[in-house]
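Architecture at a glance
Chain by chain, the residues run as shown.
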Amino acid sequence: MAIDQKFQDLINADIDGEITAAESDELRAFLENSAEGRDLHRDLAHLCSTLGSVEAEAPPPQIRHAIMSSVKPASVKPETPGFLQSLFALPSLKYAATFAAGVILTLSLVNSGQVSKRAFDDVTGLVGTVADPIKADLETSVAIDETKVAGIVSLRSSGSLLILDFDLMATEPVEIEADYNDSTIWFNGFAQLESSGTAVSAETGRVRLRMEGKRRYAVYLQNEGSRETTVRLRFMADGAVVHEASLDYAPAE
Amino acid sequence: MGNTDDTRLIEQCKRGDRKAFETLLIQYEKPVFNAAFRMLNSRDDARDVTQTVFLKVFENFDHFDPSRRFFSWIYRITLNESINWLGKSNRMEPLRREVEDRGRSPEQEVDSANLSEGIQKALMSINDDYRSVIVLKHFLGCSYGEIGQILEIPEKKVKSRLYSARQLLKDALTETGIH
């Protein structure tokens, strides 16, 4: 015979500790006269005990960093953009300005298409505007989820310009090497959202960065002829490699 | 953490206080991740859903109804995101559990992992509504009233749904030899 819904509920409530004294008396009287009720009570209590013995899963340790690095500080988003901000919000002007800045920087420091490491040792602190990630052509991106560094690095393209977009949070100083292993591709500029905090140097086929805290910055590479290439990223903390990743660029057919 | 603390933190979050948000994150990352894991049966998917949940929370503080409790809001988002995720991916990945060092013998670790895996398998065999109520009751420790608030159903309905869910789960566990 099926157990009345009322007593099913009382059995559940008893096991869950949500029963009143009066209900408890009523249930006890019922169970004394119902073997079926006692079986149900025992089975459900056993089930709940089994479920209670399952240990909680620990979240990945890096998840907090990844979430915190994804939320934008309120101060980054101005409520009303100024005239220049509105102007440079236009993608074409933004890229043009970025590209021009890169060209001027390059021409002022080197007299060939290649950038010497020595020339760029002092680029630290160069302030610019990070390209709006939504407007750019996203080629590929990688998520980094390590204890010391977490976030996203994206590879974007705009004509012959490749943009490495770093959105990272590092709990201690981290060095990043971006190797592109193609001597025809050259470093063409750097921009960061913050006014300081990221150091950059470049040599043929490689850009080195050093950062700590939450940072958003972009490295611009000139890829004349839009050649297929791979950028290999290596993240190091305390001299040890903590993460490696690669970003592939293939021109559209 | 009490409701008053949560309310104060939410007010700070609305003003763009990231530290307050981090405090909420520390408080709720474990239950949110666990709920997502039990709903999805994949640590990777649970991690992605957990991130989505907290980003949605961060972006929607202005839409939070202060007459409700924060945990009921974030757990509801977690369950909805998990169910959406299942709908999108339409896949059930095998359980990938990394056995952690909790100072126990290898046999104990294996027993614990087998129990968790068996229960997870049984959980995945029941429908989303029943799984949700089991997750809220047994993995998040919610009362009938709290479950009703989260799922927006009357307490009477919570009781009957929980009863049915337990019966189905018991049958599924009997099949796996755990119960």
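Predicted model, so just to flag it, every value in this text is computed and none were measured. (Residues numbered from 1 in each chain as written. Chains lettered and ligands numbered in written order. Predicted model: local features only at pLDDT ≥ 70, side-chain atom pairs only at ≥ 80, totals over all residues. Heavy atoms only, no water.)

This paragraph deals with the pairing of strand E5 (residues 198–203) of chain A. Residues and elements named next belong to chain A. Sheet analysis places E5 next to strand E6 (residues 206–222), joined by 6 bridges and oriented antiparallel. If you follow Ser201 over to E6, its bridge partner there is Arg208. Remark: 2 residues form the turn of the hairpin made by E5 and E6, two consecutive strands paired antiparallel; Gly205 in that turn has positive phi of roughly 80°. (Pairing = 2+ DSSP bridges. Helix = DSSP H or I, 4+ residues; strand = E, 2+ residues; numbered from the N terminus.)

It is the contact of helix H3 (residues 35–52) of chain A with helix H8 (residues 155–176) of chain B, at a shortest axis distance of 11 Å, that shows an interaxial angle of 80°. The angle between H3 of chain A and H8 of chain B places the two elements in the roughly perpendicular class. The residues of H8 of chain B that touch H3 of chain A, namely those facing Leu40, Asp43, Leu44, Leu47, Cys48 and Leu51 of chain A, are Tyr163, Arg166, Gln167, Leu169, Lys170 and Leu173 of chain B. Across the contact of H3 of chain A with H8 of chain B, the residue classes break down as 8 nonpolar, 1 polar and 3 charged. (Axes fitted to C-alpha atoms, helices over the stretch in contact; angles between N-to-C directions. Parallel < 35°, antiparallel > 145°, perpendicular 65-115°, else oblique. Contact = heavy atoms within 4.5 Å. Nonpolar A, V, L, I, M, F, W, Y, C, P; charged D, E, K, R; others polar.)

This next bit is on the pattern of salt bridges. In this structure the tally under the stated criterion is 29 salt bridges over all chains. Its salt-bridge partner being Lys214 of chain A, residue Asp167 of chain A comes within 3.4 Å of it at the nearest N-O pair. Note that Asp167 of chain A is positioned in strand E3 (residues 161–179) and Lys214 of chain A in strand E6, a separation of 47 residues in sequence. The same class applies to Asp167 of chain A and to Lys214 of chain A, which are both buried. For Glu22 of chain B, the salt bridge goes to Lys19 of chain B, with nearest N and O atoms at 3.8 Å. One end of the pair, Glu22 of chain B, and the other, Lys19 of chain B, are both in helix H2 (residues 18–40), 3 residues apart, so they sit about a helical turn from each other. (Salt bridge = Lys/Arg side-chain N within 4 Å of Asp/Glu carboxyl O. Buried < 20%, exposed > 50% of the residue type's maximum accessible area, 1.4 Å probe, protein only.)

Moving on to the interface of chain B and chain A. On the chain A side, the residues contacting the 44 residues of chain B number 35 residues. Together chain B and chain A conceal approximately 3800 Å² of surface at their shared face, both sides included; 62% is due to carbon and sulfur atoms. If you look at where chain B meets chain A, you find 5 salt bridges. Between Asp43 of chain A and Lys170 of chain B there is a salt bridge whose closest N-O contact spans 3.9 Å. One can count 12 residue pairs in polar contact (both at pLDDT 80 or more) joining chain B with chain A. (Buried area = accessible area lost by both parts, 1.4 Å probe. Polar contact = N/O pair within 3.5 Å; in protein donor to acceptor, adjacent residues only side chain to side chain.)

At a minimum axis distance of 11 Å, the contact between helix H4 (residues 63–70) of chain A and H2 of chain B shows a crossing angle of 145°. H4 of chain A and H2 of chain B meet at a crossing whose hand is right-handed. Contacts between H4 of chain A and H2 of chain B involve Ile63, Arg64, Ile67 and Met68 of chain A from the former and Arg18, Phe21, Glu22, Leu25, Ile26 and Glu29 of chain B from the latter. When its residues are assigned to classes, the contact of H4 of chain A with H2 of chain B shows 6 nonpolar, no polar and 4 charged. (Left-handed = near helix turned anticlockwise from the far one by under 90°.)

To continue, consider the packing of aromatic side chains. Residues and elements named next belong to chain B. Going through the model one piece at a time under the given rule, you end up with 14 aromatic pairs over all chains. Centre to centre, the rings of Phe58 and Phe61 are 6.5 Å apart; their planes meet at 75°, and the pair counts as edge-to-face. Phe61 gets classed as buried once you look at its relative accessible area, which sits at 3%. Chaining the aromatic ring pairs together yields one cluster made of Phe21, Tyr28, Phe54, Phe58, Phe61, Phe64, Phe70, Phe71, Trp73 and Tyr75. (Phe/Tyr/Trp six-rings, centres within 6.5 Å; stacked < 30°, edge-to-face > 60°.)

A positive phi angle, near 55°, is found at Asp238 of chain A, a position not held by glycine. With phi around 65°, Asn41 of chain B is a residue other than glycine that occupies positive phi space. Within the element layout of this structure, Asn41 of chain B appears in the loop between H2 and helix H3 (43–59).

Looking now at the confidence of the model for chain B. All names here are of chain B. Of all residues in chain B, 83% have pLDDT values of 70 or greater, and the mean over the chain is 84. Ranking the elements of chain B by mean pLDDT puts helix H5 (residues 106–124) last, at 74, and helix H6 (residues 128–139) first, at 96. Segment residues 91–102: pLDDT under 50, and 27 contacts once partners within four positions in sequence are set aside and those in other chains are kept. Per the prediction output, this complex has pTM 0.58; the corresponding ipTM is 0.81. (pLDDT = per-residue confidence, 0-100.)

This next bit is on the environment of Lys137 of chain B. For Lys137 of chain B, the position within the fold is in helix H6. Take Lys137 of chain B: its relative accessible area is 13%, and that puts it in the buried class. For the pair Lys137 of chain B and Leu162 of chain B, spaced 25 residues apart in the sequence, the C-alpha separation amounts to 8.4 Å. Contact partners of Lys137 of chain B, with chain neighbours within four places excluded, come to Asp16 and Glu18 of chain A together with Cys142, Ser143, Ile147, Leu162 and Arg166 of chain B. At 3.3 Å, the side chain of Lys137 of chain B forms a polar contact with the backbone oxygen of Cys142 of chain B.

Residues and elements named next belong to chain A. Take Glu177: it is sitting in strand E3. Look at Glu177 and you get buried, because its relative accessible area is 12%. At 3.4 Å, the side chain of Glu177 and the side chain of Arg208 are in polar contact.

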